[in-house]
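Fold and contact review
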Amino acid sequence: MIGCVVLLGLGVGMGLGADIDRRTVQYLALRSGDAPGWLISATQWFSWIGGGPQRTFSVIVIALALWRWQGALAGLAMALASLVSNLLSEFLKVEFARQRPGLTAHLDQVGGSLSFPSGHSASAAAVYLLLAWLLPAELRRPWLVLAVVLIFLTGLSRILLGVHYPSDVIGGWMLGTAFALVGVHFAGPARSSADRIRS
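Residues numbered from 1 in each chain as written. Predicted model: local features only at pLDDT ≥ 70, side-chain atom pairs only at ≥ 80, totals over all residues. Heavy atoms only, no water.

The next point concerns the overall build of the protein chain. When helices and strands are tallied, the protein chain shows nine helices and zero strands. Relative to its full complement of 199 residues, the protein chain shows a buried share of 47%. Expressed as a percentage of contacts within the protein chain between residues at least 6 apart in sequence, the contacts between residues at least 24 apart total 77%. If you sum the accessible surface of the protein chain, you get close to 10200 Å²; carbon and sulfur atoms cover 69% of it. When the 14 positive and 9 negative side-chain charges of the protein chain are each reduced to one mean point, those points stand 7 Å apart. (Helix = DSSP H or I, 4+ residues; strand = E, 2+ residues; numbered from the N terminus. Buried < 20%, exposed > 50% of the residue type's maximum accessible area, 1.4 Å probe, protein only. Contact = heavy atoms within 4.5 Å. Areas by Shrake-Rupley, 256 points an atom, 1.4 Å probe, with all protein chains shown as cover. Lys, Arg positive; Asp, Glu negative; His and termini not counted. Charge placed at Lys NZ, Arg CZ, Asp CG, Glu CD.)

Our focus in this paragraph is the environment of T56. By the secondary structure assignment, T56 is in helix α4 (residues 52-70). Linking T56 and P117, residues 61 residues apart in sequence, is a C-alpha distance of 19 Å.

Attention now moves to helix α7 (residues 137-160). With 24 residues, α7 should cover 34 Å at 1.5 Å per step; its first-to-last C-alpha distance of 35 Å lies within 8% of that length. In the structure, α7 departs most strongly from a straight axis at W143, where the bend amounts to approximately 30°. With its phi angle positive at about 75°, G162 sits one or two positions after the end of α7. (Expected span 1.5 Å × (residues − 1). Bend = angle between axes of the 7 residues up to and from the residue.)

This model, assessed by the stated rule, comprises three aromatic pairs. On the basis of an interplanar angle of 65° and a centroid distance of 6.4 Å, the ring pair of W45 and F46 is categorised as edge-to-face. Classification of F46 as buried rests on a relative accessible area of 16%. We note R68 situated over the ring of W69; from NZ or CZ to the ring centre the distance is 4.2 Å. (Phe/Tyr/Trp six-rings, centres within 6.5 Å; stacked < 30°, edge-to-face > 60°. Lys NZ or Arg CZ within 6 Å of the ring centre and 35° of its normal.)

By the secondary structure assignment, H120 is in helix α6 (residues 119-134). Residue H120 is classed as buried on the basis of its relative accessible area of 15%. Through-space distance from the C-alpha of H120 to that of P136 is 26 Å; in sequence the pair is 16 residues apart. What H120 contacts, discounting residues up to four positions off in sequence, is S47, G50, G51, R55, T154 and R158. Polar contacts involving the side chain of H120 include one to the main-chain carbonyl oxygen of S47, which spans 3.3 Å. (Polar contact = N/O pair within 3.5 Å; in protein donor to acceptor, adjacent residues only side chain to side chain.)

This part is about the environment of F57. In this structure, F57 sits in helix α4. Residue classification places F57 among the exposed positions, given a relative accessible area of 58%. Sequence separation between F57 and G176 is 119 residues, and the spatial gap between their C-alpha atoms is 18 Å.

Over the atoms, a rolling probe the size of a water molecule traces out where space has been left empty. Counted as a void, the largest pocket has a volume near 280 Å³. Lining the largest pocket are 18 residues, with G51, G52, Q109, H120 and R158 sitting closest to its centre. Contributions of two or more residues to the lining of the largest pocket are made by α3 (37-48), α4, α5 (72-96) and α6. (1 Å grid on protein atoms, 1.4 Å probe; cavity = no way out; pocket = protein on both sides within 12 Å on 5 of 7 lines; lining within 4 Å. Points joined across faces, edges and corners; volume = space filled by probe spheres on them.)

The next subject is unusual backbone geometry. Omega for the peptide link from F116 to P117 comes to -5°, which places this bond in the cis form. One non-glycine residue, A97, lies in the positive phi region at around 50°. Take A97: it is sitting in the loop between α5 and α6.

Here it is in structure tokens:
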């Protein structure tokens with residue numbers, strides 16, 4: 001799946017789907033003064049929890065909780081999946097060097113950072129999917145549904161704030177999902193053991 005992210009990045013660099021990307025941002029991006037203030041604030045808050053020090057803090061808490069309740073492998077899987085997906089996301093941003101959308105005013109502080117893939121989307125997919133898959137079997141299905149909703153909303157928030165193209169978000173989702181799958185494989189023995197104990 002990481003290979004698919006690279007291929008998507010190469011396609012984006014060649015201009016494939018550029019018109020769809022631009023039209024989507026122009027249509028969906030919120031505009032200060034036009035969009036309701038509460039909607040902009042809610043979107044910014046939802047995006048805020050998926051990045052920066054608050055994301056790191058959340059991952060540490062989740063990893064420690066998994067370590068306590070599902071074993072060391074589960075906690076390590078969460079920490080490593082989040083860390084490595086974030087590092088690879090930053091590396092790919094530099095390699096593809098795609099500029100962020102300039103179609104509307106950015107409603108989030110992004111500085112001079114680059115666009116592809118979306119780090120917020122990658123982190124959301126890696127953390128939320130892996131957490132759902134590492135939970136006990138009886139909790140897995142409802143939490144997986146919740147995880148998908150949170151992942152979608154995180155990616156959508158980045159488009160609504162005008163700081164990412166849809167293809168950036170899709171690339172981030174694929175990257176994060178890849179590391180969630182690796183994390184599940186890494187933590188497989190702990191996950192299976194926890195399920196057996198509860199059955």
